[in-house]
Amino acid sequence: KIRANLSGCREGVTLREMIEKEMSGGRDGKAVSLDGKSTGCSLLWLKRALRFISGMLSAMVSHKEWTMRECVNAGYEGSLKVHHNFVMKNVFSVASRAAPARAAFFSTLGDSEAALMPALVEMLRKFEGVLEGIQAMLVEKGSRPRSEWLRDQTAEEATPRPMEARRIERAD
């Protein structure tokens, strides 16, 4: 959707400028974030998806004994679950059963888990900064209802496993 919204924009336009343009027509941030077509709404869902990936990878780093499915579920519980209805939660539950084995996942990345783990830890540190930047911009521009921001925080606290992983890795 963001790519589709780029048509008609000047080259080098930023996401911030696109969101400001959407809001310049008198629409408030909440309307922009909920319309399903805007750059603000797309960025909100992109942030949620990235939070899911971050939670899954954090669980993989912190809990080497967990299966891939357990890591996927930890990422889901700390991100997307609070935004899904009963049907979507069940769809996700079924889909998570298709997660590959950890060894198969790492082999698709090209090396063993032990060899890739340091790079994964470093990537997660950088990834968190990107997510924090997106979050700050969405809250600043009001394209995200405050209640939804609080709901994300509650979801993160309710599933400490992936978040705890980040805190442990940052302390090193």
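Residues numbered from 1 in each chain as written. Predicted model: local features only at pLDDT ≥ 70, side-chain atom pairs only at ≥ 80, totals over all residues. Heavy atoms only, no water.

### Quick word on the overall build of the chain
Keep this limit in mind: Numbering of helices and strands starts at the N terminus; helices are DSSP runs of H or I of at least 4 residues and strands are runs of E of at least 2. Note on contacts: a residue pair is in contact if any heavy atoms of the two residues lie within 4.5 Å. Note on areas: these come from Shrake-Rupley sampling with a 1.4 Å probe, and a residue is covered only by the protein chains present in the view.
Counting its secondary structure elements, the chain contains ten helices and zero strands. Ordered by position in the sequence, the α and β elements of the chain form the string α-α-α-α-α-α-α-α-α-α. Pairs at least 24 residues apart make up 68% of the contacts formed inside the chain by residues separated by at least 6 positions. For the chain, the accessible surface area stands at approximately 9,500 Å², while carbon and sulfur atoms represent 60% of it.

### Some details on the pattern of salt bridges
Heads up, the rule is: We define a salt bridge as a side-chain nitrogen of Lys or Arg found within 4 Å of a carboxyl oxygen belonging to Asp or Glu. Whether a residue is buried, partly exposed or exposed follows from its accessible area with a 1.4 Å probe, protein chains only, as a fraction of its type maximum: under 20%, in between, or over 50%, in that order.
Applying the stated criterion across every chain, the model contains three salt bridges. Where R10 meets E17, a salt bridge forms, and the shortest distance between an N and an O atom there is 2.6 Å. You can call R10 partly exposed: its relative accessible area is 49%. Ionic pairing is found between E113 and R102, a salt bridge with its closest N-O pair at 2.4 Å. Linking E113 in helix α8 (residues 113–141) with R102 in helix α7 (residues 102–109), this pair joins segments that are eleven residues apart in sequence. Classification of E113 by relative accessible area gives partly exposed; the value is 22%.

### Focus on the packing of helix α4 (residues 39–62) against helix α5 (residues 68–77)
The following threshold applies: For helices, the fitted line uses only the C-alpha atoms of the stretch in contact; every axis is such a line through C-alpha atoms, and the angle between N-to-C directions lies from 0 to 180 degrees. In what follows, roughly perpendicular refers to angles from 65 to 115 degrees, roughly parallel to angles under 35, roughly antiparallel to angles over 145, and oblique to any angle outside these ranges. Crossings are classed by handedness, with left-handed meaning an anticlockwise turn of the near helix from the far one by less than a right angle and right-handed meaning a clockwise turn. Each residue is assigned to one class: nonpolar for Ala, Val, Leu, Ile, Met, Phe, Trp, Tyr, Cys and Pro, charged for Asp, Glu, Lys and Arg, and polar for all the others, Gly among them.
Put simply, α4 and α5 touch, their axes get as near as 7 Å, and they point 135° apart. Judged on the interaxial angle alone, α5 and α4 are oblique. In this structure, the crossing between α4 and α5 has a hand that is right-handed. Listed contacts from α5 to F52, G55, M56, A59 and M60 of α4 are M68, C71, V72, A74, G75 and Y76. Per-class residue counts for the contact of α4 with α5 are nine nonpolar, two polar and no charged.

### What about the packing of aromatic side chains?
Working definition: an aromatic ring pair is given by the centre-to-centre distance plus the angle between the planes. Worth spelling out the cut-off: To pair, rings of Phe, Tyr and Trp, with the six-membered ring standing in for Trp, must have centres within 6.5 Å; the planes then decide the type, stacked if under 30 degrees apart, edge-to-face if over 60, and tilted in the middle.
For the structure on display, the rule yields three aromatic pairs. Relative to F92, the ring of F52 lies with its centre 5.8 Å away and its plane at 90°, an arrangement referred to as edge-to-face. In this pair, F52 is assigned in helix α4 and F92 in helix α6 (residues 86–96), connecting sequence segments 40 residues apart. Per residue, the accessibility class of F52 equals that of F92, and both read buried. Measuring from centroid to centroid gives 3.7 Å for Y76 and F92, while their planes differ by 10°, and the two rings are stacked.

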